[in-house]
Amino acid sequence: MSAVSNVNAAQIASAQNAASTTQAGTTTQSGLSAQALEKTRKAAIEFEGMTIGEMLQPMFDTVDTANSLFGGGAAESQFRSLQVLEMGKQIANNGGIGLADSVYRQMLAMQEKAQQEKGTS
């Protein structure tokens, strides 16, 4: 099981422990469902993956593979950006650099604030 699955399972378990059960499903004290927490966590990890990929891109832009045994050519240059973005996703899915945690907390705060404003309107 990947680190993403472990984090999501932990988030869901904590949401269910701190939750009140309604007909629509499990919700946290802040009103966010376990499914919403999981979706938010995945979005934060995807954001971190894209960010890491963008940070790695300049490093790979300077690599000269024209004289290597298997490198070079139009196909490699065309698909290099996809490879770098996929590397960024893999790094994020395996723990990343910690950016996803900060983004996740901020996204939850924004969602809770939106729900509070919706409830007072």
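Note that the structure is a prediction, hence the values are computed from the model and not measured.

Each value, and the rule that gives it
Residues numbered from 1 in each chain as written. Predicted model: local features only at pLDDT ≥ 70, side-chain atom pairs only at ≥ 80, totals over all residues. Heavy atoms only, no water. Core = buried A, V, L, I, M, F, W, Y, C linked by side-chain atoms within 4.5 Å. Buried < 20%, exposed > 50% of the residue type's maximum accessible area, 1.4 Å probe, protein only. Helix = DSSP H or I, 4+ residues; strand = E, 2+ residues; numbered from the N terminus. Contact = heavy atoms within 4.5 Å. Salt bridge = Lys/Arg side-chain N within 4 Å of Asp/Glu carboxyl O. Phe/Tyr/Trp six-rings, centres within 6.5 Å; stacked < 30°, edge-to-face > 60°. Lys NZ or Arg CZ within 6 Å of the ring centre and 35° of its normal. pLDDT = per-residue confidence, 0-100. Expected span 1.5 Å × (residues − 1). Bend = angle between axes of the 7 residues up to and from the residue.

1. Let's talk about the nonpolar core
If you look at the biggest cluster of nonpolar residues, it comprises 13 residues, and the most contacted ones within it are Leu-37, Ala-44, Leu-56, Tyr-104 and Leu-108. Among the elements of the structure, helix H2 (34-61), helix H3 (74-93) and helix H4 (99-120) are those that each provide at least two residues to this core. The element contributing the most residues to this core is H2, with 6 residues. In this structure Leu-56 touches Val-84, Met-87, Gly-88 and Ile-91, once residues within four positions along its chain are discounted.

2. Section: the pattern of salt bridges
Inspection of the entire model under this criterion finds 4 salt bridges. Here Lys-42 makes a salt bridge to Glu-38, at a shortest N to O gap of 3.4 Å. Here Lys-42 and its partner Glu-38 are both found in helix H2, 4 residues apart, which amounts to about one turn of the helix. Judged by relative accessible area, which is 25%, Glu-38 ranks as partly exposed. The salt bridge involving Lys-89 is made with Glu-86; its shortest N-O contact spans 4.0 Å. One end of the pair is Lys-89 and the other is Glu-86, both in helix H3 and 3 residues apart, which spans about a single turn. Overall, Glu-86 belongs to the partly exposed group, its relative accessible area being 38%.

3. A few points about the environment of Leu-37
Take Leu-37: it is sitting in helix H2. Using a relative accessible area of 7% as the deciding quantity, one classes Leu-37 as buried. When the C-alpha positions of Leu-37 and Tyr-104 are compared, they lie 9.1 Å apart, and in sequence the two are 67 residues distant.

4. Considering the packing of aromatic side chains
When we look at a pair of aromatic rings, we describe it by the centre distance and by the angle of the planes. Across all of its chains, the model carries 0 aromatic pairs by this definition. The ring of Tyr-104 carries the charged tip of Arg-41 above its face, separated from the ring centre by 5.1 Å.

5. A short note on the confidence of the model for the protein chain
Note: predicted coordinates in regions of low pLDDT should not be interpreted at a detailed level. With 74% of its residues at a pLDDT of at least 70, the protein chain reaches an overall mean of 78. Of all secondary-structure elements in the protein chain, the lowest mean pLDDT belongs to strand S1 (residues 20-22), at 36, while H2 reaches the highest, 92. Counted against residues more than four places away or in other chains, residues 1-6, with its pLDDT under 50, gives 6 contacts. Predicted confidence is poor over residues 11-25, with pLDDT under 50, and the contacts of this stretch with residues over four places away or in other chains come to 19 contacts.

6. Some details on H3
For H3, built from 20 residues, the straight-helix expectation of 28 Å at 1.5 Å per residue is met to within 8% by its first-to-last C-alpha distance of 30 Å. Arg-80 marks where H3 bends most, by close to 40°. Every buried residue of H3 is listed here: Arg-80, Val-84, Leu-85, Gly-88 and Ala-92. Looking at the buried positions of H3, the neighbouring elements they touch are H2.

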